[in-house]
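Structural features, examined
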Amino acid sequence: MQELVVLYDAQCGLCRRFKEWLAGQQPGLNGLGGVVRFAFVAAGSAEARQRYPELDHLATLREVTVVADDGAVYVGDRAWIVCLWATWEHRATAVRLASPAMRPVARAMVQVAAGLRSRNWELMEGDYADGCDGQCDRQGRADA
C-alpha cells in the first residue's frame with residue numbers, strides 16, 4: 001500500500017480540520033521501503049463519483065471513507081485506524097486500536113467525532129453540509 005485516498009465532507013469544519021491534521025503528519029513506512037501517502041477528495045464530489053463509481057456516495061458523506069491503492073475500502077473506525085497506521089508517529093496507536101479488545105474504543109472515538117460534527121453544525125450555524133441527511137447524528141452511526 002503506497003497511497004490512501006481519504007474521502008471527507010468538505011462542508012464540515014471538523015472533517016476539514018481532520019484532513020489538514022492528517023495532511024501535516026509524517027508518512028509511515030509501507031513495509032516495502034516506501035511510504036504511505038495521502039490524497040484527499042471531497043466526498044460526494046464529481047471527482048469522487050468518477051474515481052469510485054462503485055461506492056455509495058451518500059454514505060461517504062456520513063462516514064469518513066478511505067480507499068487504498070490496492071482497492072481496499074475502509075469505513076468508519078476502520079478508516080480512522082488505517083489513517084493512523086499510515087503515519088509514522090501514530091502507527092503504534094493504530095495497531096493497538098485495531099486489536100479486538102480495543103476496537104470498541106476506536107468505535108467510540110468515531111462516535112464522539114460524529115457527535116462533535118453534529119454539535120459543530122449547530123454552533124457554527126451552517127458550517128456543515130446543508131444537504132446532509134443527518135444520518136451520522138443518530139448515536140454516531142450511519143446504520144442506527
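The structure displayed is predicted, hence computed values, not measured ones.

1. Re the overall build of the chain
Tallying secondary structure elements over the chain gives 6 helices and 4 strands in all. Along the chain, helices (α) and strands (β) appear in the sequence β-α-β-α-α-β-β-α-α-α when read from the amino end. Across the 144 residues in the chain, those meeting the buried criterion constitute 40%. Restricting to contacts in the chain with at least 6 residues of sequence separation, those with at least 24 account for 60%. Counting every atom, the chain has about 8000 Å² of accessible surface; 55% of that belongs to carbon and sulfur.

2. Let's talk about the sheet that holds strand β1 (residues 3-8)
If you walk across this open sheet you meet the 4 strands as β2-β1-β3-β4, and the pairing is mixed. Among the strands making up the open sheet, the edge pair consists of β2 (37-42) and β4 (73-75). This sheet shows a mean twist of 25° between the axes of neighbouring strands, independent of strand direction. Across 6 bridges, β1 lies against β2 in parallel orientation. When the bridges of β2 are listed, V6 appears paired with F40. Helix α4 (residues 77-85) contacts β1, β2, β3 (65-68) and β4 of the sheet and is inclined by roughly 115° relative to β4.

3. Comments concerning the nonpolar core
Membership of the largest hydrophobic core comes to 13 residues, with the highest contact counts inside it found for L4, V6, L22, F38, V66, C83 and A86. Taken together, the elements giving at least two residues each to this core come down to β1, α1 (13-23), β3 and α4. Looking at which element gives the most residues to this core, the answer is α4, with 3 residues. Sequence-distant contacts of C83, defined by excluding residues within four places in its chain, comprise V6, F18, L22, F38 and V66. Among the nonpolar cores identified, the runner-up in size contains 9 residues, and L7, A39, V41 and V67 belong to it.

4. Let's talk about the environment of Y8
Among the secondary structure elements, Y8 is positioned in strand β1. Exposure remark for Y8: the relative accessible area of 13% places this residue in the buried category. Along the sequence, Y8 and F40 sit 32 residues apart, while their C-alpha atoms lie 7.3 Å from each other. Sequence-distant contacts of Y8, that is, excluding residues within four places in its chain, are made with C15, R16, K19, F40, V41, A42 and A43.

5. Focus on the packing of aromatic side chains
Here the structure, examined in full by the defined rule, presents 3 aromatic pairs. Ring geometry for F18 versus W21: centroids 6.3 Å apart, planes at 20°, classification stacked. Note that F18 and W21 are positioned in helix α1 at a spacing of 3 residues, about one turn of the helix. When its relative accessible area of 34% is taken as the criterion, W21 is described as partly exposed. Here the aromatic rings of F38 and F40 are separated by 6.1 Å at their centres, their planes lie at 25°, and the arrangement is stacked. Judged by its relative accessible area of 22%, F40 falls in the partly exposed class. Linked through ring pairs, F18, W21 and W80 together constitute an aromatic cluster. The residue whose ring lies beneath K19 is F40, and the NZ or CZ to ring-centre distance is 5.6 Å. Its guanidinium or amino end placed over the ring of W85, R91 lies 3.9 Å from that ring's centre, counting from NZ or CZ.

6. Describing the confidence of the model for the chain
For the chain, per-residue confidence averages 80 on the pLDDT scale, and 76% of positions sit at 70 or higher. Within the chain, helix α2 (residues 46-51) carries the highest mean pLDDT (98), whereas helix α6 (residues 103-124) carries the lowest (61). For the stretch residues 119-144, pLDDT sits under 50, and the model shows 36 contacts to residues farther than four places along the chain or on other chains.

Rules used in this analysis
- Residues numbered from 1 in each chain as written.
- Predicted model: local features only at pLDDT ≥ 70, side-chain atom pairs only at ≥ 80, totals over all residues.
- Heavy atoms only, no water.
- Helix = DSSP H or I, 4+ residues; strand = E, 2+ residues; numbered from the N terminus.
- Buried < 20%, exposed > 50% of the residue type's maximum accessible area, 1.4 Å probe, protein only.
- Contact = heavy atoms within 4.5 Å.
- Areas by Shrake-Rupley, 256 points an atom, 1.4 Å probe, with all protein chains shown as cover.
- Pairing = 2+ DSSP bridges.
- Axes fitted to C-alpha atoms, helices over the stretch in contact; angles between N-to-C directions.
- Core = buried A, V, L, I, M, F, W, Y, C linked by side-chain atoms within 4.5 Å.
- Phe/Tyr/Trp six-rings, centres within 6.5 Å; stacked < 30°, edge-to-face > 60°.
- Lys NZ or Arg CZ within 6 Å of the ring centre and 35° of its normal.
- pLDDT = per-residue confidence, 0-100.

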